[in-house]
Amino acid sequence: MAACGLNLALQGGGAHGAFTWGVLDRLLQQPDLELEAISGTSAGAMNAVMLAQGWLEGGPQGARDCLQRFWHAVAAQSPARWLPDTEGMEPSLNLALNQWLLRLSSQLSPYDLNPLDINPLESLLREEVAFERLRRECPFKLYLAATRVSNGKLRLFREAELDVKQVLASACLPTIHRAIEIDGDYYWDGGFAGNPALYPLIYESRSRDILLVLLTPAERPDLPTDIDSIGARVAEFGFNSAFLREMRAIAQARQQSRSRFWMLGALERRLRRLRFHLIEPDATMAKLSRASRYDTRLAFLLRLKQLGQQQAQQWLEQGGACSQRDSGVDLVARFG
């Protein structure tokens, strides 16, 4: 991949964020990788912060090391870490445990289940991230999405204001954790309002290329008929609708700008020259259950990482961001 600026848009998806870890790990091995801005939600926000912190410590290799420490620490706290490993992605006993936890969280409030408001991610973030230094010296622009509980509006936290609460807010599932209070407002997971948010990468950066790393499959051909699969599809719609609307609006705006040959404004010119690239789950991940997003066993996370590395390798072999062979994703065909 020739040296050129690249923006990243990292989707959320719980433990499936280990797929994004794999994508980033492969990209960080490219000698001429130049990142300008990262927009992340939930697990995508965690990956973005770890990437930035590690890069600050030791460049691309430091970023790889920091991401690895984080995901291994997540696995070390897994309630299923005692289960024996198997060849399958979802061992039946672990799947049953995650499905039970999922049903429990749908029936009881986190204010009842977790009266002490314990969040293991908080201690991990405090151990791994030097927030004061990151606010001063962050190597990239960061945009972490959270959803304001009072009105459902998107709130983007920039690198200059980041602290533990802002990152936790981006990953605050309302059925698992209490809402995060920041300056008198309460926040839930950013996936409800932007998963991830694209507009800051368009309006506030110069890079021509935007790489979308998605965790939700584009299509699921099977009709959900049982209560678990119906609930999973409904949840996917809820966490993907804002992203799909934004991508559809971008696709339509680009199409309109290309139909005009004069009197183009700065935004229209930028839309015309932007290239969107896509790395997304393969068929293996598409078959995973909704409950697998709560599976933080190390063996499972490492398999997802490997899948991410493979998908990133395929993208690089096709030319990556800067090759003239890759004109990017056809947004109208995909999202229009």
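Under an unreviewed UniProt entry, the name given to the protein is Patatin-like phospholipase family protein, and the organism recorded is Motiliproteus coralliicola.

J.: Quick one: what's the story with the nonpolar core, residue by residue and with numbers?
T.: Ranked by internal contacts, the top residues of the largest apolar core, which has 64 residues, are Leu8, Leu35, Ile38 and Leu125. Ranked by residues supplied to this core, first place goes to helix H2 (residues 43-76) with 16 residues. Sequence-distant contacts of Leu8, that is, excluding residues within four places in its chain, are made with Leu24, Leu27, Leu35, Ala37, Ile38, Ser39, Leu201 and Leu211. Core analysis: the second largest hydrophobic core is formed by 22 residues, Ala37, Ala145, Ala197 and Ile250 among them.

J.: Break down the side chain of Glu36 for me, citing the residues and quoting the values.
T.: Counting through the fold element by element, Glu36 comes out in strand S2 (residues 33-41). Judged by its relative accessible area of 19%, Glu36 falls in the buried class. There is a polar contact of 3.0 Å between the side chain of Glu36 and the backbone nitrogen of Arg206. With near-sequence residues (within four places) excluded, Glu36 lies in contact with Leu6, Asn7, Phe140, Lys141, Ser205, Arg206 and Ser207.

J.: Describe the packing of aromatic side chains, naming the residues involved and giving the relevant values.
T.: Following the criterion strictly, the structure yields seven aromatic pairs and no others. Residues Phe70 and Trp71 carry aromatic rings whose centres are separated by 5.4 Å and whose planes lie at 80° to one another, so their mutual orientation is edge-to-face. Given a relative accessible area of 4%, Trp71 falls into the buried group. Plain terms: the ring middles of Trp188 and Phe192 are 6.4 Å apart, the flat faces sit at 50° to each other, and that makes the pair tilted. The partly exposed category is assigned to Phe192, whose relative accessible area is 31%. Ring pairs connect the aromatic residues Trp21, Phe70 and Trp71, which therefore count as one cluster.

J.: Before we move on, can you summarise helix H1 (residues 17-27) with the specific residues and values?
T.: Burial of H1 is extensive: eleven of the eleven residues sit out of reach of the surface. Among the residues of H1, Gly17, Ala18, Phe19, Thr20, Trp21, Gly22, Val23, Leu24, Asp25, Arg26 and Leu27 are the ones counted as buried.

J.: Account for the environment of Gly40, with residues named and values stated.
T.: Structurally, Gly40 can be placed in strand S2. As for Gly40 and Leu142, which are separated by 102 residues in sequence, their C-alpha atoms are 7.8 Å apart. Not counting residues within four places of it along the chain, the set of residues in contact with Gly40 comprises Leu10, Ala45, Tyr143, Leu144, Ala145, Ser170 and Pro196.

J.: Kindly report on unusual backbone geometry, identifying the contributing residues and their values.
T.: Omega for the peptide link from Asn195 to Pro196 comes to -5°, which places this bond in the cis form. Secondary-structure assignment places Pro196 in the loop between strand S6 (185-189) and helix H8 (199-203). Despite not being glycine, Ser42 has its phi angle at roughly 55°, a positive value. Judged by relative accessible area, Ser42 falls into the buried class, the value being 10%. The phi dihedral of Asp183 falls on the positive side, at around 50°, and the residue is not glycine. Looking at the element boundaries, Asp183 is found in the loop between strand S5 (180-182) and S6. Here Asp183 falls in the exposed class, since its relative accessible area comes to 75%.

J.: Give me the packing of H2 against helix H5 (residues 120-128): which residues, what numbers.
T.: The N-to-C vectors of H2 and H5 enclose an angle of 155°; their axes lie 10 Å apart at closest approach. Classified by the interaxial angle, the pair formed by H2 and H5 is roughly antiparallel. In this structure, H2 crosses over H5, and the sense of that crossing is right-handed. For the pair H2 and H5, the contacting residues are Met46, Met50, Gln53, Glu57, Cys66, Arg69, Phe70, Ala73 and Val74 in the first and Leu121, Leu124, Leu125 and Glu128 in the second. Each residue belonging to the contact of H2 with H5 can be placed in one class, and the counts come to nine nonpolar, one polar and three charged.

J.: Tell me about the layout of surface pockets, residues and numbers included.
T.: Of the pockets and cavities examined, the second largest pocket occupies roughly 330 Å³. Lining the second largest pocket are 17 residues, with Pro217, Ala218, Glu219, Asn240 and Leu244 sitting closest to its centre. When contributions to the lining of the second largest pocket are tallied by element, the ones reaching two or more residues are helix H9 (227-258) and helix H13 (331-335). Taken together, the residues of the lining of the second largest pocket sort by class into seven nonpolar, four polar and six charged.

J.: Any details on a nonpolar patch on the surface? Residues and values, ideally.
T.: The grouping of Val149, Tyr186, Trp188 and Phe192 at the surface amounts to a nonpolar patch, some 340 Å² of accessible area in total. Residue position: Val149 is located in the loop between strand S3 (141-148) and strand S4 (154-158). By relative accessible area, Val149 is classed as partly exposed at 32%.

About the cut-offs
- Residues numbered from 1 in each chain as written.
- Predicted model: local features only at pLDDT ≥ 70, side-chain atom pairs only at ≥ 80, totals over all residues.
- Heavy atoms only, no water.
- Core = buried A, V, L, I, M, F, W, Y, C linked by side-chain atoms within 4.5 Å.
- Buried < 20%, exposed > 50% of the residue type's maximum accessible area, 1.4 Å probe, protein only.
- Helix = DSSP H or I, 4+ residues; strand = E, 2+ residues; numbered from the N terminus.
- Contact = heavy atoms within 4.5 Å.
- Polar contact = N/O pair within 3.5 Å; in protein donor to acceptor, adjacent residues only side chain to side chain.
- Phe/Tyr/Trp six-rings, centres within 6.5 Å; stacked < 30°, edge-to-face > 60°.
- Axes fitted to C-alpha atoms, helices over the stretch in contact; angles between N-to-C directions.
- Parallel < 35°, antiparallel > 145°, perpendicular 65-115°, else oblique.
- Left-handed = near helix turned anticlockwise from the far one by under 90°.
- Nonpolar A, V, L, I, M, F, W, Y, C, P; charged D, E, K, R; others polar.
- 1 Å grid on protein atoms, 1.4 Å probe; cavity = no way out; pocket = protein on both sides within 12 Å on 5 of 7 lines; lining within 4 Å.
- Points joined across faces, edges and corners; volume = space filled by probe spheres on them.
- Patch = residues over 30% accessible without salt bridge, like charges linked within 9 Å, V, L, I, M, F, W, Y side chains within 5 Å.
- Areas by Shrake-Rupley, 256 points an atom, 1.4 Å probe, with all protein chains shown as cover.
- Salt bridge = Lys/Arg side-chain N within 4 Å of Asp/Glu carboxyl O.

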